[in-house]
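Survey of secondary and tertiary structure
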Amino acid sequence: MGTVERCKAVVIGSGAGGAPVASRLAEAWGDGVVLLEAGPNLQASDFNQIEREMIPKLYAQRGMQATEDGSVAVLQASCVGGTTVVNDALCLRPPPELEERWRALGAEVSLKALAPYVEQVEQELGVEQVPRAMTNRANYLVGLGAARLGWKGERMHHNAPGCPECGLRHLGCSYDAKRSMNVSYVPRAVRAGARLKSMTKAERLVPRGDGWRVECGDLVLEADHVVVAAGVVQTPMLLLRSGIHAGEGFQMHLQTLAWGDFAEPVDGFNGIPMVYSVLEFSDVYGHTGPGFMIEGVSTQPLAFSTQPQGQGEVHAEVLRRYRHLAGAMMVLRASTRGTIALGPEGRPRIDYPLQPHDIERVLPFYQRAVEMFLAAGASRVLLPHREANFVTRPPADLRIGPGWTYFYTAHPFGGACRGGPTVDGVGQVRGQRNLWVLDASAFPEAPGVNPQTIICSLALEGAERLLAAAA
Ligand SMILES: Cc1cc2nc3c(=O)[nH]c(=O)nc-3n(C[C@H](O)[C@H](O)[C@H](O)COP(=O)(O)OP(=O)(O)OC[C@H]3O[C@@H](n4cnc5c(N)ncnc54)[C@H](O)[C@@H]3O)c2cc1C
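Scope of this entry: the structure provided in the associated data block. (Residues numbered from 1 in each chain as written. Predicted model: local features only at pLDDT ≥ 70, side-chain atom pairs only at ≥ 80, totals over all residues. Heavy atoms only, no water.)

1. Remarks on the site of the ligand
Surrounding the ligand, one finds 38 residues, the nearest of these being Glu37, Ser78, Thr83, Leu90 and Gln452. Contact distances for the ligand include 3.1 Å between an oxygen atom and a side-chain N or O atom of Asn87. The backbone of Pro451 places a nitrogen or oxygen atom 3.1 Å from an oxygen atom of the ligand. In the complex, 96% of the free accessible area of the ligand, which totals 1,000 Å², lies under the protein chains. Across the shell around the ligand, the residue classes break down as 18 nonpolar, 15 polar and five charged. (Near = heavy atom within 4 Å. Polar contact = N/O pair within 3.5 Å; in protein donor to acceptor, adjacent residues only side chain to side chain. Areas by Shrake-Rupley, 256 points an atom, 1.4 Å probe, with all protein chains shown as cover. Nonpolar A, V, L, I, M, F, W, Y, C, P; charged D, E, K, R; others polar.)

Right, dumping it as structure tokens:
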């Protein structure tokens, strides 16, 4: 017989959704709040900046998580602070278009009502525009190419004031400069009394009167309220293990890359990885493009080595040119909807049949990226494509799709979408009492911009709703 602990609320997952919720609930209920985290509680000194050690330690499935057919890598982290520990620290405000789109899908969202939470989040996370002087050469070249072509873009905002520019945000911040959840909302929750339990995975939820038993191996928590914020793959998995319908509406920002090859070294692994964003082709913030942003991106050696597709001499040439490459990333608001299901041995099965409407918009990204880098002075552009590697003009035609080009996502969404079959318009699980979903899995649709500010703000608003319902 294991240990049984009583509490007022359990928050499952300590990432962008769970940490702000735990912090707000702990302000009201102190040590009546338990914050569960399946991953380890790592400190700045644990982030040793070595890719081959930190990626397996920090990322879900040791960095190998992917859709069932292997066509899209799905990047998430598992540790105190969740994926914010490895993210690029970009903080974009909810685009105005989100309200109408999400409402049409049944989500109750008002950007006016959300605005004070966005402000709170920006203050807590120390959000500022990345200073011009901190723009590394790779991002400068993205901005230069875009400006020469007359495309709209800007330096983005980040939550890493005083960043020492080591370039290794994906491996956890060794300086505590990035105000990810592990150094912001999680400590804030703990200061307010929340009991943080790392390396503790919620296995199953069992109804108990109006509340819940949260089974975590030898530990059982008996709680009046449960908030699930275990991230896009694991939130639906926990609900499914608990016999609750979930897993529909899995979506993403589909991502791929292109690299300009410049005569002078760019050393794209140095400095802040992502600074400049081209908004011209997006369909948010008043733009009416095909729906992708182009963002400057770093070229860390291990991550980079998995991306270009060439073999033999092409591969050797890629390595020879490594220091001369400046990266750009597509962030496509994809409309494909997939599912998350319980797979063999309880593993997640992520099915994502990429639809023509999304595939068709990838070639325009490659074309624009090539134009942009050539305008910035590159002699050619490297694409992560099986047949087209180094190109000297925008490709007129390319076979795009699984197996032909490298795809990944750092921004998965859905699986327990607001207004869908699992949760209602504000995140309460349908047909259950005192059970909420307040993370990216409740997004009814990809927002079109880097999502952490939106996730944190909606989580704070959801915590307020929970407290009001409990009063
Ligand atoms: C490389 C990378 C770069 C990114 N850069 C940016 C960026 O610059 N800007 C931006 O806005 N977004 C960025 N993102 C995305 C952003 O960080 C995520 O969208 C966000 O963190 C998701 O929040 P979440 O709360 O839904 O899940 P997560 O932050 O993933 O948190 C979920 C947590 O729940 C834990 N958990 C899972 N199952 C259980 C369980 N059963 N019991 C207990 N705990 C559990 C997990 O271990 C995890 O720690 C990036 C993502 C990646 C991968």
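After presenting the structure, the write-up continues.
2. Focus on the side chain of Glu445
Along the chain, Glu445 falls in the loop between strand E21 (435-437) and helix H12 (452-470). A residue is classified by how much of its surface remains accessible, and Glu445, at 18% relative accessible area, is buried. (Helix = DSSP H or I, 4+ residues; strand = E, 2+ residues; numbered from the N terminus. Buried < 20%, exposed > 50% of the residue type's maximum accessible area, 1.4 Å probe, protein only.)

3. As for helix H4 (residues 111-124)
Its 14 residues place the ends of H4 19 Å apart at the C-alpha level, agreeing with the 20 Å of an ideal helix rising 1.5 Å per residue. Taken together, the buried positions of H4 are Leu111, Leu114, Tyr117, Val118, Val121, Glu122 and Glu124. On the buried face of H4, the contacting elements are helix H3 (97-104), helix H6 (185-191) and H12. After H4 finishes, the residue Gly126 shows a positive phi value of roughly 65°. (Expected span 1.5 Å × (residues − 1). Contact = heavy atoms within 4.5 Å.)

4. Structural notes on the packing of H4 against H12
At a minimum axis distance of 8 Å, the contact between H4 and H12 shows a crossing angle of 115°. In this structure, H4 meets H12 at a crossing whose hand is right-handed. Contacts from Ala113, Leu114, Tyr117, Val118, Gln120 and Val121 in H4 reach Thr453, Cys456, Ser457, Leu458, Leu460, Glu461 and Glu464 in H12. Each residue belonging to the contact of H4 with H12 can be placed in one class, and the counts come to eight nonpolar, three polar and two charged. (Axes fitted to C-alpha atoms, helices over the stretch in contact; angles between N-to-C directions. Left-handed = near helix turned anticlockwise from the far one by under 90°.)

5. So, the nonpolar core
The biggest cluster of nonpolar side chains holds 114 residues, and the ones touching the most others in it are Leu25, Leu254, Val278 and Phe373. At nine residues, H12 tops the list of elements feeding residues into this core. With residues near it in sequence (within four places) discarded, Val278 still touches Val142, Ala146, Trp151, Lys152, Gly153, Met293, Ile294 and Met372. By size, the runner-up hydrophobic cluster in this structure holds 25 residues, among which are Trp212, Val228, Leu238 and Val429. (Core = buried A, V, L, I, M, F, W, Y, C linked by side-chain atoms within 4.5 Å.)

6. With respect to the pairing of strand E1 (residues 3-12)
In this structure, E1 lies alongside strand E10 (residues 219-228), joined through nine bridges in parallel fashion. Of the residues in E10, the one forming a bridge with Ala9 is His225. Strand direction decides the pairing type here: E1 and strand E2 (residues 33-36), joined by four bridges, are parallel. Looking across to E2, one finds that Ile12 is bridged to Leu36. For the crossover from E1 across helix H1 (residues 18-29) to E2, the handedness is right-handed. (Pairing = 2+ DSSP bridges. Right-handed = clockwise from strand over helix to strand, strands pointing away.)

7. Here's the deal with the packing of helix H5 (residues 137-148) against helix H11 (residues 362-375)
One way to put it is that H5 packs onto H11 with a least axis distance of 7 Å and a crossing angle of 95°. In terms of orientation, H5 lies roughly perpendicular with respect to H11. Along its contact with H5, which presents Val142, Gly145, Ala146 and Arg148, the element H11 presents Met372, Phe373 and Ala375. (Parallel < 35°, antiparallel > 145°, perpendicular 65-115°, else oblique.)

8. Considerations on the packing of aromatic side chains
What the rule picks out here adds up to twelve aromatic pairs. Aromatic pair Trp151 and Phe281: ring centres 4.8 Å apart, planes at 85°, arrangement edge-to-face. One end of the pair, Trp151, is in the loop between H5 and strand E5 (153-155); the other, Phe281, is in the loop between strand E12 (276-278) and strand E13 (292-297), and 130 residues separate them in sequence. Residue Trp151 is classed as buried on the basis of its relative accessible area of 12%. Aromatic rings pair up to connect Trp151, Phe281, Phe292, Phe365 and Tyr366 into one cluster. Geometry around Trp29 places Lys8 over its ring, the cationic atom sitting 5.2 Å from the centre. Over the ring of Trp404 we find Arg386, and its NZ or CZ is 4.2 Å from the ring centre. (Phe/Tyr/Trp six-rings, centres within 6.5 Å; stacked < 30°, edge-to-face > 60°. Lys NZ or Arg CZ within 6 Å of the ring centre and 35° of its normal.)

9. Section: the pairing of strand E15 (residues 338-342)
The two faces of a sheet get side chains in turn, since along a regular strand they alternate between them. Taken together, the two bridges between strand E11 (residues 248-261) and E15 define a ladder with antiparallel strand orientation. Looking at the pairing, Glu248 lines up with Thr339 of E15. Bridge count between E15 and strand E16 (residues 348-351): four bridges; the pairing is antiparallel. Its bridge partner lying in E16, Thr339 is registered against Asp351.

10. Quick look at the pattern of salt bridges
In the structure shown here, the tally under the stated rule is 31 salt bridges. Between Glu122 and Arg93 there is a salt bridge, with the nearest N and O atoms lying 2.7 Å from each other. Placement of the pair is Glu122 in helix H4 and Arg93 in the loop between strand E3 (72-74) and H3, with a sequence separation of 29 residues. A residue is classified by how much of its surface remains accessible, and Glu122, at 14% relative accessible area, is buried. A salt bridge links Glu461 to Arg465; the nearest nitrogen and oxygen atoms lie 3.5 Å apart. Residue Glu461 and its partner Arg465 are located together in helix H12, separated by four residues, close to a single helical turn. Look at the salt bridges and you will find they share partners, linking Arg24, Glu27, Glu124, Arg179, Arg188 and Glu464 into a network. (Salt bridge = Lys/Arg side-chain N within 4 Å of Asp/Glu carboxyl O.)

11. Description of the environment of Met252
Looking at the secondary structure, you find Met252 in strand E11. With relative accessibility at 0%, the residue Met252 sits in the buried group. Leaving out residues up to four positions away in the same chain, Met252 has contacts with Val72, Leu332, Ala334, Tyr352, Thr409, His411, Pro412, Phe413 and Ala446.

12. Quick word on empty space enclosed by the protein
Inspection of every chain in the model, using the stated rule, returns two cavities of 30 Å³ or more. The computed volume of the largest cavity comes to approximately 80 Å³. Along the walls of the largest cavity sit 15 residues, with Cys163, Pro164, Cys166, Arg169 and Cys173 positioned nearest its centre. Residue composition of the lining of the largest cavity, by class: nine nonpolar, four polar and two charged. Empty space within the second largest cavity amounts to approximately 60 Å³. Together, Arg418, Val437, Leu438, Asp439, Ala440, Ala442, Phe443, Ile455, Leu458 and Ala459 line the second largest cavity. Sorting elements by how many residues they give to the lining of the second largest cavity places H12 first, with three residues. Class assignment of the residues belonging to the lining of the second largest cavity gives a composition of eight nonpolar, no polar and two charged. (1 Å grid on protein atoms, 1.4 Å probe; cavity = no way out; pocket = protein on both sides within 12 Å on 5 of 7 lines; lining within 4 Å. Points joined across faces, edges and corners; volume = space filled by probe spheres on them.)

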